[in-house]
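# Overview (structure and organization)
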Amino acid sequence: MEIAGGVVGLQVRWARFRSRVTAITRVAITRAVSRALGHCELSHLPRRPIDLALARRQHEAYEQALRELGCEVRQLAEQPDQPDSVFVEDTAIVLDEVAVITRPGAVSRRGEVASMAEALSGLRELARIEAPGTLDGGDVLRLGRVLYVGTSARSNAEGIAQLARALTPFGYRVEATPLHDCLHLKSAVTQVAEDRLLLNPAWIEARQFPGWKTVAVDPAEAHAANALRVGSAVIHPASCPRTARALRELGIDVRSVDMSETEKAEGGVTCCSVILEA
Ligand code: CIR
């Protein structure tokens, strides 16, 4: 097969060289569900009772789905005093070259980042979002060398500017991306195939992602846009079967997992892991 020229060609050759000379493992960092999950932050949902034992069983099944897709799952210890700490995605943005430790927009979540920084310190150089910047990983959608960052209630202009300063030296572009009526950018849009995004048009507009094919969630499934792509498959919430059917009709390998309890805490499938190559 012919290799593309320019920067893309170099990246492809580097990736092939690296995988030949080193054993690359796909690692998924997760965290045990906190016993305090019932006291989670809520922005768009009413508080409902959470069955903690069920949440833990569902989290185990989610981790098993990650293993079946080739991930080595590294579970961080429970943080009994941090209700939202299972949502590790919000604490770090991990790229091949660097990891950026965030400063979550919700004050109650700031105690989650130190142990993620420790877990990543042997795997990547670390950069950090500092006050007064705020940034939640759930707002960051990486599509190739572009990072779209939702201008949500959790990620402010200073946080987005700091992310851009940390990543432009590595050839990434950071795009502030408006959204409305949802928690994070990845509540509204995620990547589900090499060339396709899944989005909820009530929360974000497809024209904000030029060059991408899109598929809309089923109108009855507002929360269906949060899908987690692992390799060429997609982990997707069992609560959204109509959208899953539409994705399968597009030839996408969809693995449905029941996340009913973390959904009550406004979490989805991307939120519960940080995936990287190690
Ligand atoms: C929060 O409001 O921060 C949590 N209850 C839910 C976070 C979900 N994280 C994500 O979408 N990345």
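In what follows, the accompanying structure is described. Within any chain, residue numbers begin from 1 and follow the written order of that chain's sequence. Residues qualify for local features only when their pLDDT is at least 70, as the model is predicted, and side-chain atom pairs are given and counted only at 80 or more; totals for whole chains, interfaces and linings, by contrast, use all residues. Here the side-chain values reflect all heavy atoms present in the structure, with hydrogen atoms and water set aside.

### Topic: the overall build of the protein chain
Helices and strands together make up the secondary structure of the protein chain, namely seven helices and 15 strands. Radius of gyration (C-alpha) of the protein chain: 18 Å, near the 19 Å computed for a compact globule of 278 residues. A principal-axis box enclosing the C-alpha atoms of the protein chain has dimensions of 55 × 40 × 35 Å. Evaluated residue by residue, the protein chain yields a buried proportion of 50% over its 278 residues. Only the protein chains shown count as cover for residues, and all accessible areas are computed by the Shrake-Rupley method using a 1.4 Å probe. Carbon and sulfur atoms form 52% of the exposed surface of the protein chain, whose accessible area is close to 12,800 Å². Positive and negative side-chain charges of the protein chain, numbering 33 and 35 respectively, have mean locations separated by a distance of 3 Å. Think of it this way: any DSSP run of H or I at least four residues long counts as a helix, any run of E at least two long counts as a strand, and we number them from the N terminus. What the globule rule says is 2.2 Å times the number of residues to the power 0.38, and the radius of gyration is computed from C-alpha atoms. Here's how the labels work: a residue is buried when its accessible area is under 20% of the maximum for its type, exposed when over 50%, partly exposed in between, all with a 1.4 Å probe on protein chains only. Asp and Glu count as negative and Lys and Arg as positive, but His and the ends of the chain are not part of the count. Note on charges: their place is set at NZ of Lys, CZ of Arg, CG of Asp or CD of Glu.

### Concerning the pattern of salt bridges
For salt bridges, the criterion is a side-chain nitrogen of Lys or Arg within 4 Å of an Asp or Glu carboxyl oxygen. The final tally for this structure, using the stated rule, is 16 salt bridges. With a closest N to O distance of 3.2 Å, Glu97 and Arg145 form a salt bridge. Linking Glu97 in the loop between β3 (92-94) and β4 (99-101) with Arg145 in the loop between β6 (140-143) and β7 (146-150), this pair joins segments that are 48 residues apart in sequence. Take Arg145: its relative accessible area is 28%, and that puts it in the partly exposed class. For Lys213, the salt bridge identified is with Asp195, shortest N-O distance 2.9 Å. On the criterion of sequence distance, the pair formed by Lys213 in strand β11 (residues 213-216) and Asp195 in the loop between β9 (189-193) and β10 (196-199) is long-range, its members being 18 residues apart.

### What about the packing of aromatic side chains?
Here a pair means two rings of Phe, Tyr or Trp (six-membered ring of Trp) with centres within 6.5 Å. Their orientation is stacked below 30 degrees between planes, edge-to-face above 60, and tilted elsewhere. According to the stated counting rule, one finds one aromatic pair in the structure shown. When the ring centre of Tyr172 is taken as reference, the NZ or CZ atom of Arg145 above it lies at 4.0 Å. Think of it as a cone above the ring: NZ of Lys or CZ of Arg counts as a charge over the ring if it is within 6 Å of the ring centre and within 35 degrees of the ring normal.

### Quick look at the site of the ligand
Near, as used in this document, describes a residue that has one of its heavy atoms within 4 Å of the molecule or strand being considered. Near the ligand lie 14 residues; those nearest to it are Glu41, Asp84, Glu89, Arg154 and Ala265. Only Asp, Glu, Lys and Arg are considered charged, only Ala, Val, Leu, Ile, Met, Phe, Trp, Tyr, Cys and Pro nonpolar, and every remaining residue, Gly among them, polar. Taken together, the residues that form the shell around the ligand break down as four nonpolar, three polar and seven charged.

### Here's the deal with the state of the cysteines
Two cysteine sulfurs form what is called a disulfide whenever their separation falls within 2.5 Å. Summed over the entire model, instances satisfying the criterion amount to zero disulfides. In this structure Cys240 is not part of a disulfide, and its nearest cysteine sulfur, from Cys271, lies 13 Å away. You can call Cys240 buried: its relative accessible area is 4%.

### Points about helix α2 (residues 52-68)
Given a rise of 1.5 Å per residue, 17 residues ought to cover 24 Å, and the 24 Å separating the end C-alpha atoms of α2 matches this to within 8%. Taken together, the buried positions of α2 are occupied by Ala55, Gln58, His59, Tyr62, Glu63, Ala65 and Leu66. Down the axis of α2, the smallest arc covering the buried residues is 150 degrees, so these residues share one side. In α2, the exposed positions angled more than 90 degrees off the buried face are occupied by Arg57, Glu60 and Glu68. Any pair of N or O atoms that falls within 3.5 Å is considered a polar contact. Within protein, one atom must be able to donate a hydrogen and the other to accept it, and sequence-neighbouring residues count only if both atoms are side-chain atoms. With a side-chain oxygen positioned 3.2 Å from the backbone nitrogen of Ala53, the residue opening α2 is Asp51. Where α2 terminates, the next one or two residues include Gly70, which has phi positive at roughly 95 degrees. Any helix carries an expected span of 1.5 Å times its number of residues minus one. This arc describes the spread of directions from the helix axis toward the C-beta atoms.

### Examining the nonpolar core
Residues belong to a common nonpolar core when they are buried Ala, Val, Leu, Ile, Met, Phe, Trp, Tyr or Cys residues joined through side-chain atoms within 4.5 Å. Counting 24 residues, the largest nonpolar core has Leu37, Tyr62, Leu66 and Ile235 as the members making the most contacts within it. Going through the elements one at a time, α2, β2 (71-76), β12 (228-230) and β13 (233-237) are the ones with two or more residues in this core. No other element matches α2, which puts four residues into this core. A contact between two residues is defined here by any heavy atoms of the two lying within 4.5 Å. In this view, Ile235 contacts Tyr62, Ala65, Leu66, Leu69, Ala227, Leu228, Val230, Arg255, Val257 and Val269; residues no more than four positions away in its chain are not counted. In terms of nonpolar packing, the next biggest core, distinct from the first, is built from 15 residues, Ile93, Ala127, Leu135 and Leu147 among them.

### Remarks on unusual backbone geometry
The omega angle of the peptide bond from Ala131 to Pro132 is 5 degrees, so this bond is cis rather than trans. Relative to the assigned elements, Pro132 resides in the loop between β5 (126-128) and β6. Positive phi is not limited to glycine here, since Asp181 has a value of about 70 degrees. With respect to the helices and strands, the residue Asp181 is situated in the loop between β8 (173-177) and α5 (185-188). Judged by its relative accessible area of 54%, Asp181 falls in the exposed class.

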